[in-house]
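Structural overview
In case you want the letters, here they are:
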Amino acid sequence: VRKMEDYLTEKKYFALNARIFTDSAPILEKAIAEQAGIGWIGKNTLLMNEKAGSWFFLGEILTNLPLPPSEKLQTNRCGSCNACIEVCPTKAFVGPYQLDARKCISYLTIEHKGKIDEDLRELIGNRIFGCDDCQLTCPWSKYAPQTNETDFTPRHGLDSSTLLELFKWTEEEFLARTEGSAIRRTGYLGWIRNIAIALGNGPANDAVIEVLESKKGLSNMTDEHINWAINRLI
């Protein structure tokens, strides 16, 4: 902030307007970041950086401040590697740099609010919020440093909870235990839908079927996925 204040004073610019964003508005942030020299758009359609892979957040300040443009852009370093394309569980990549979001597990389990196509459910496996396989397999990811930011540490035992425990949550428990977390974005019905699919892709036992039955009646959408899971397990 001090550097910005000094810059403004030096330039005698006193009519500053600005707004800050971090994944909070529909901004073409990857394209803007690429043009700012932060990285390059990889074959997995994510912004890549030589020192962090794609494991970082983008933040933006939209301002009327007359800043100088970036002059040096990063070179695309994907080369002939297709690891991200080949590892995708649902084959969501139409080709390099082309993603069909309708098949992307991250989109389906977080942003999508309706039913998930039946032919994709088995491919989702036990993923209940996002995927990240295309990031994990990227060779550039090995350069990403570990963060000490406490906001990224697990809360409410989510790193050790079973699918059955999570599926039993009431809507009130879901809202309480996801407060301040991006998991809220999927919504309670989406949460139940996602875990029902994961349970349906797991081993069958009476306890699982009983818990699945207990969540019927929340909505037609969740009932469809619960019935699908039960039919796979019986």
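Figured I'd write up the structure that's included with this text. Along each chain, the written sequence defines residue order, and numbers are assigned to residues from 1. It should be noted that, the model being predicted, local features are given only for residues of pLDDT at least 70 and side-chain atom pairs only at 80 or more, the latter also being counted only at that level, while totals for whole chains, interfaces and linings use all residues. Heavy atoms throughout the structure, all of them, feed into the side-chain values; hydrogens and water do not.

**Observations concerning helix α11 (residues 220-233)**
The periodicity of an α-helix, 3.6 residues per turn, causes residues three or four positions apart to be oriented the same way. Cut-off, in case you're wondering: Numbering of helices and strands runs from the N terminus, with a helix taken as a DSSP run of H or I at least four residues long and a strand as a DSSP run of E at least two residues long. The length a helix should cover is 1.5 Å for every residue beyond the first. Partly exposed describes any residue whose relative accessible area lies between the buried limit of under 20% and the exposed limit of over 50%, with all areas from a 1.4 Å probe on protein chains only and scaled to the type maximum. By the convention used here, residues are in contact when the closest approach between their heavy atoms is within 4.5 Å.
For α11, spanning 14 residues, the distance from its first C-alpha to its last is 20 Å, which sits close to the expected 20 Å at 1.5 Å a residue. Of the residues making up α11, those classed as buried are Met 221, Thr 222, Asp 223, His 225, Ile 226, Trp 228, Ala 229, Ile 230 and Leu 233. Of the surrounding secondary structure, the elements contacted by the buried residues of α11 are α5 (118-124), α7 (163-167), α9 (187-200) and α10 (206-214).

**Some points on the packing of aromatic side chains**
Rule in force here: Aromatic pairs are defined between Phe, Tyr and Trp rings, using the six-membered ring for Trp, whenever the two ring centres lie within 6.5 Å; interplanar angles under 30 degrees are classed as stacked, those over 60 as edge-to-face, and all others as tilted.
Overall, the coordinates contain 6 aromatic pairs when judged by the stated rule. Taking the centre distance of 5.6 Å and the plane angle of 15° together, the rings of Phe 57 and Phe 152 count as stacked. Placement of the pair is Phe 57 in the loop between β3 (47-48) and β4 (60-63) and Phe 152 in the loop between α6 (133-136) and α7, with a sequence separation of 95 residues. According to the relative accessible area criterion, Phe 57 is exposed, its value standing at 56%. Note on Phe 152: relative accessible area 48%, which makes it partly exposed. With a centroid separation of 5.5 Å and an interplanar angle of 15°, the aromatic rings of Trp 169 and Trp 191 are classed as stacked. Placement of the pair is Trp 169 in the loop between α7 and α8 (171-177) and Trp 191 in helix α9, with a sequence separation of 22 residues. Among the aromatic residues, ring-to-ring pairing joins Trp 169, Phe 174, Tyr 188 and Trp 191 into one connected group.

**A word on the state of the cysteines**
Note the following rule: Cysteine sulfur atoms are paired as a disulfide whenever they come within 2.5 Å of each other.
Applying the stated criterion across every chain yields a total of 0 disulfides. Free of any disulfide, Cys 78 has its nearest cysteine sulfur in Cys 138, 6.6 Å distant. Accessibility expressed as a relative area gives 15% for Cys 78, which makes it buried. Looking at the unpaired Cys 81, the closest cysteine sulfur is the one in Cys 84, lying at 6.4 Å.

**Focus on the pattern of salt bridges**
In plain terms, the rule: Put simply, a salt bridge is a Lys or Arg side-chain nitrogen that is within 4 Å of an Asp or Glu carboxyl oxygen.
One pass over the full model with this rule turns up 8 salt bridges. In this structure, Asp 133 engages Arg 127 in a salt bridge whose closest nitrogen and oxygen atoms are separated by 3.0 Å. Assessed through its relative accessible area of 22%, Arg 127 is described here as partly exposed. Among the ionic pairs, Arg 177 bridges to Glu 173, the shortest N-O distance being 3.9 Å. Highlighted residues: Arg 177 and Glu 173, both in helix α8, separated by 4 residues, approximately one helical turn. On the basis of relative accessibility, which here comes to 32%, the residue Arg 177 falls in the partly exposed class. A residue is classified by how much of its surface remains accessible, and Glu 173, at 30% relative accessible area, is partly exposed.

**Brief notes about the nonpolar core**
Going by this rule: For our purposes a nonpolar core is just a set of buried Ala, Val, Leu, Ile, Met, Phe, Trp, Tyr and Cys residues, chained together by side-chain atoms within 4.5 Å.
Counting residues in hydrophobic clusters, the biggest one holds 29 residues, and the most contacted among them are Phe 167, Trp 191, Ile 195, Leu 212 and Ile 226. Counting residues per element, this core draws most heavily on α9, which supplies 8 residues. Trp 191 has contacts with Ile 128, Leu 166, Trp 169, Phe 174, Ile 183 and Thr 186, leaving out every residue within four places of it along the chain. With 7 residues, the next largest nonpolar core counts Cys 84, Cys 88, Ala 92 and Phe 93 among its residues.

By themselves, these figures tell us nothing about what the structure is for.
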